[in-house]
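# A closer look at the structure
Letter by letter, the chains look like this.
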Amino acid sequence: MSADGGSGGSDGGVGDGIDRTPSPSADVCVVGSGPAGALVAHRLADEGANVVVLEAGPRFEFSERTAQQEQHIRPGMEDPWEMGGPRDAYSTEGRHYPLNAARVKGVGGSTLHWQGMVMRLHERDFEMQTRYGVGTDWPIDYDDLRPYYADAERAFGVAGAMDNPYAPPREEPFPLPAFPPSYSDSLFAEACERLEIDMHSVPNARNSEPYDDRAPCLGYGTCKPVCPSGAKYTAESHVAKAEAAGARVIDRVPVQRLEHDDAGETIEAAVYATPDGTEHRQTAGQFVLACGGVENARLLLLSASEQHPDGLANSSGAVGRFFMDHLFAGAGGRLDEPTRQNHVGFNTSETHQFYDDTEPVEGLKLEFLNYAGPSPVIEALGADTWGDELAEQLNESYGTHVAVGGLVEQLPDAENRITLDPDRRDDHGNPVPHVEWSLGERTERAIRRANEIQHAILGELGASIEWTVGPESTGPAYHQMGTTRMGSDPGQSVVDADCRTHDLSNLWVVGSSVFPTGGAMNPTLTIAALSLRTAEALSASLSDP
Amino acid sequence: MELTRRDALAALAAVGATVGGGVLAGRYDPPRADAASDAGSGSAAEPTLSTDLLDLLDAAAEVVYPSGVDGRRTFVETYVLGRTENQPAYREGLQEAAAQLDAVARDWRGQPYADLDADVRDKLLRDLGVETAEPVADGTITERIRFYVVNDLLFAFYSSPTGGRLVGIENPIGHPGGIESYQRASMSPSSAERSGGTNER
Ligand SMILES: Cc1cc2nc3c(=O)[nH]c(=O)nc-3n(C[C@H](O)[C@H](O)[C@H](O)COP(=O)(O)OP(=O)(O)OC[C@H]3O[C@@H](n4cnc5c(N)ncnc54)[C@H](O)[C@@H]3O)c2cc1C
Ligand code: SF4
């Protein structure tokens, strides 16, 4: 079966007999198969382009999802997505950034692990400089992105309702009906009504009914990190569609660097390595980087050359800079009645009421959690006892928790950045990414504001407040943004409004690394909308070289 | 509180195993090291669990599960059979951990683990430090017993609807219990009460 599985074989030493040598005549080479790359690959393949996708991580078989779910629930088992080790080494400075908890390498990318809350940015997010004198404006506005948002919602199969008075304008309903509110939402609803806080549904990239050949949600409750039913959208969907349309997707082939022509004006090849250490050159007419918010910048920096000594597409010096994430803010406690948590692993109510406030100007959104407090099975597996004593302990600890979470905007700061660590190498001998990340005083103030509202809600509900995640204990929401920012001025930005690099005419970058500012909405719907828009622009340049 | 076949199947679903109906007949063959390793499609090759191993696991389950659980032995057998079917490495790890626990019982108490009184079985696990041990599949004896015996049994129990119900949740994490339960103010009647514990999944 794997006659050529050894070193130098066409399968690159994997032993699965799958050809990992370059495609002879690719029109487009996409690097990375998360949602950003998969959507571009699918659209272009569908239009007849010869597309090859190079993915650093492995393919995870769907038949293994329940076993991976067990790995998540039971202590002492491997990470279900195999993150960590020399391949994924990194270093940090400032506030620790737990990079390998914040991404997945594999066919489907980080959506294998993600939660799947998907919302549009607000109109103001595109013009924070003009409106408030902070951050920077995007070169496009909400209206430019609006049709692509609708397209992205169809691609993901978003379950949602038109009940959010604070959402930006939209004409058409969501493709799937929203998940009904939880019982605990109904408890919050009374308190919020008294406080005049509007609750509304959460758009979820999760099947509330069968959609796109995927099952409806079955209530496994482990959405993040593993959905065994396939109800949660992962970019594996669009990888499969791209392959059905003729694209070739090669796994376990991390791209090491991009190589350009003599003039340094166009990319000629992506050099990738197979597990046996062999390097291959994939040539193509157009190149799309879709490696996620850290690796996009890293690959440009790793590709430095005589003509581009500071890294590719970096004449502005902005590659790797302005690294941002959303900050988690939260508070929780207990009620003296059942709250019915941890049945499902997703949320059904939020409030975006404070998002557009100007005091502070940072966006913030609040989430009413359906998974507050411990899950009995997980607690049991880590408990120090068993038998009746354990059952008593679980009865005591489960059942009455409530919590309000939320995301807070971090404005761009050039000092937060991704560089190459000169002292550490990955499994292929490349310098690992170095993440410098800190929070400014204004971000901390915005987090305190979120806590204030959360405490008010819990207080009105009559809950004891037992924990708060504020400015000291906050952490990132795992949305890496800003490191190849989009702009119209080539002196200040890396890509243009179509996500094409200013410096190299056939190099495109997709993903949240292009966000000039990040708002406080989970980024992936915006990533998808931008990818679909980029696919259109790229397609035009294919037919008109 | 009754553990049903449905609970065992639910627990199995949570580990990605599926089991044919015939397995549930529950045949107690003499101990065979290779039992179930050659499980094929024919009925003659249906997996079985050696009596020794089943006795030991059921004896451990009596200790780690709350008291008053009926149908425990069948639950344990169904679960462990499905669990280890086509997973030779897991089965080997389980057999080894079980054998080590048995050896400790014979050394310290002069009897097989399963033959000890329940409170002695409980104490023996605690004396071994299993209650505070990390579960480690290839760790020390204590860590392996925590991983393969105690935690596997607890996982099966508390990810099943019956185990979950006992502590207030009929749709625990790991169990595909649908999207109705999270909307309800209180636990629904158990499926066993509604359907008599039949084998729909
Ligand atoms: C725990 C968690 C929860 C999340 N929840 C949400 C949520 O609820 N809502 C939301 O909107 N977002 C969420 N996100 C974020 C979301 O997953 C990402 O925004 C999204 O997956 C980014 O898409 P991408 O395609 O740009 O990058 P990724 O999905 O990260 O994919 C990048 C791919 O590129 C590959 N790659 C990297 N470098 C190379 C290389 N050199 N050569 C070849 N391939 C390479 C990687 O292996 C990876 O597969 C969450 C993330 C995490 C980790
Ligand atoms: S609750 Fe989450 S993990 Fe379970 S089926 Fe629904 S989406 Fe998947």
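Residues numbered from 1 in each chain as written. Chains lettered and ligands numbered in written order. Predicted model: local features only at pLDDT ≥ 70, side-chain atom pairs only at ≥ 80, totals over all residues. Heavy atoms only, no water.

All names here are of chain A. Surveying the vicinity of ligand 1 reveals 38 residues, the closest of which are E55, S110, M117, V255 and T524. Here an oxygen atom of ligand 1 sits 2.5 Å away from a polar atom, N or O, in the side chain of E55. Within the backbone of A290, one N or O atom sits 3.5 Å away from an oxygen atom of ligand 1. When ligand 1 is considered free in solution it has 990 Å² of accessible area, and contact with the protein chains removes 95% of it. A per-class count over the shell around ligand 1 returns 17 nonpolar, 16 polar and 5 charged. (Near = heavy atom within 4 Å. Polar contact = N/O pair within 3.5 Å; in protein donor to acceptor, adjacent residues only side chain to side chain. Areas by Shrake-Rupley, 256 points an atom, 1.4 Å probe, with all protein chains shown as cover. Nonpolar A, V, L, I, M, F, W, Y, C, P; charged D, E, K, R; others polar.)

Contacts to ligand 2 come from R206, C217, L218, G219, Y220, G221, T222, C223, V226, C227, S229 and F346 of chain A. Grouping the constituent residues of the shell around ligand 2 by class yields 7 nonpolar, 4 polar and 1 charged.

This brings us to the domain arrangement of chain A. Residues and elements named next belong to chain A. Once the domains are mapped, chain A shows domain 1 (1–158 + 225–325 + 412–437 + 479–545) and domain 2 (170–202 + 327–408 + 440–473). Each of domain 1 and domain 2 has a C-alpha centre, and these two points are 31 Å apart. Counting from both sides, the interface comprises 28 residues of domain 1 and, opposite them, 33 residues of domain 2. For the pair domain 1 and domain 2, the summed buried surface comes to about 2300 Å²; carbon and sulfur atoms form 57% of the total. For domain 1, the biggest contributors to the area lost against domain 2 are M117, R124 and A520; these three give 21% of the whole. Run the count over domain 1 and domain 2 and you get 12 residue pairs in polar contact (both at pLDDT 80 or more). (Domains from an automatic or database assignment. Contact = heavy atoms within 4.5 Å. Buried area = accessible area lost by both parts, 1.4 Å probe.)

So, on to the environment of E131 of chain B. With respect to the helices and strands, E131 of chain B occurs in the loop between α5 (118–127) and α6 (141–158). As for E131 of chain B and Q183 of chain B, which are separated by 52 residues in sequence, their C-alpha atoms are 35 Å apart. Contacts of E131 of chain B, omitting those with residues within four sequence positions, involve A383, D384, T385 and W386 of chain A together with L125, R126 and R146 of chain B. At 2.8 Å, the side chain of E131 of chain B and the side chain of R126 of chain B are in polar contact. (Helix = DSSP H or I, 4+ residues; strand = E, 2+ residues; numbered from the N terminus.)

Moving on: the packing of helix α5 (residues 183–195) of chain A against helix α10 (residues 441–461) of chain A. Residue and element names in this part refer to chain A. Running from amino to carboxyl end, α5 crosses α10 at an angle of 110 degrees, the nearest separation of the two axes being 9 Å. Comparing their axes, α10 and α5 come out roughly perpendicular. Seen along the crossing, α5 lies across α10 with a hand that is right-handed. Along its contact with α5, which presents L187, F188, A191, C192, R194 and L195, the element α10 presents A456, I457, L458, E460 and L461. (Axes fitted to C-alpha atoms, helices over the stretch in contact; angles between N-to-C directions. Parallel < 35°, antiparallel > 145°, perpendicular 65-115°, else oblique. Left-handed = near helix turned anticlockwise from the far one by under 90°.)

Our next topic: the interface of chain A and chain B. Contacts between the two partners involve 44 residues from chain A, matched on the other side by 48 residues from chain B. Here chain A packs against chain B, burying approximately 3800 Å² in sum over the two surfaces, 57% of which is carbon and sulfur. Taken as a group, R74, R340 and W386 of chain A account for 22% of the area that chain A buries against chain B, more than any other trio of residues on that side. In this structure, the connection of chain A to chain B is made through 3 salt bridges. The residue E170 of chain B makes a salt bridge to R340 of chain A at a minimum N-O spacing of 2.7 Å. (Salt bridge = Lys/Arg side-chain N within 4 Å of Asp/Glu carboxyl O.)

A word on a negative patch on the surface. Residues E78, D79 and E82 of chain A together with D138 of chain B make up a contiguous surface patch of negative charge. Structurally, D79 of chain A can be placed in the loop between α2 (65–73) and β3 (91–94). (Patch = residues over 30% accessible without salt bridge, like charges linked within 9 Å, V, L, I, M, F, W, Y side chains within 5 Å. Lys, Arg positive; Asp, Glu negative; His and termini not counted. Charge placed at Lys NZ, Arg CZ, Asp CG, Glu CD.)

Further remarks concern empty space enclosed by the protein. Residues and elements named next belong to chain A. Counted under the stated rule, the structure contains 1 cavity of 30 Å³ or more. Within this model, the largest cavity holds a volume of roughly 90 Å³. In this structure, the largest cavity is lined by 16 residues; those nearest its centre are C217, Y220, G221, C223 and C227. The residue inventory of the lining of the largest cavity, partitioned by class, reads 9 nonpolar, 5 polar and 2 charged. Both of domain 1 (1–158 + 225–325 + 412–437 + 479–545) and domain 2 (170–202 + 327–408 + 440–473) provide at least three residues apiece to the lining of the largest cavity. (1 Å grid on protein atoms, 1.4 Å probe; cavity = no way out; pocket = protein on both sides within 12 Å on 5 of 7 lines; lining within 4 Å. Points joined across faces, edges and corners; volume = space filled by probe spheres on them.)

Time to look at the sheet that holds strand β16 (residues 417–425) of chain A. Residues and elements named next belong to chain A. The 3 strands lie next to each other as β3-β17-β16, forming an open sheet whose pairing is mixed. Only two strands of the sheet have a single neighbouring strand rather than two, namely β3 and β16. The sheet shows a mean angle of 30 degrees between the axes of neighbouring strands, taken without regard to direction. For β16 and strand β17 (residues 431–437), the ladder comprises 5 bridges, and the chain directions are antiparallel. Bridge pairing links I418 to V435 in β17. (Pairing = 2+ DSSP bridges.)

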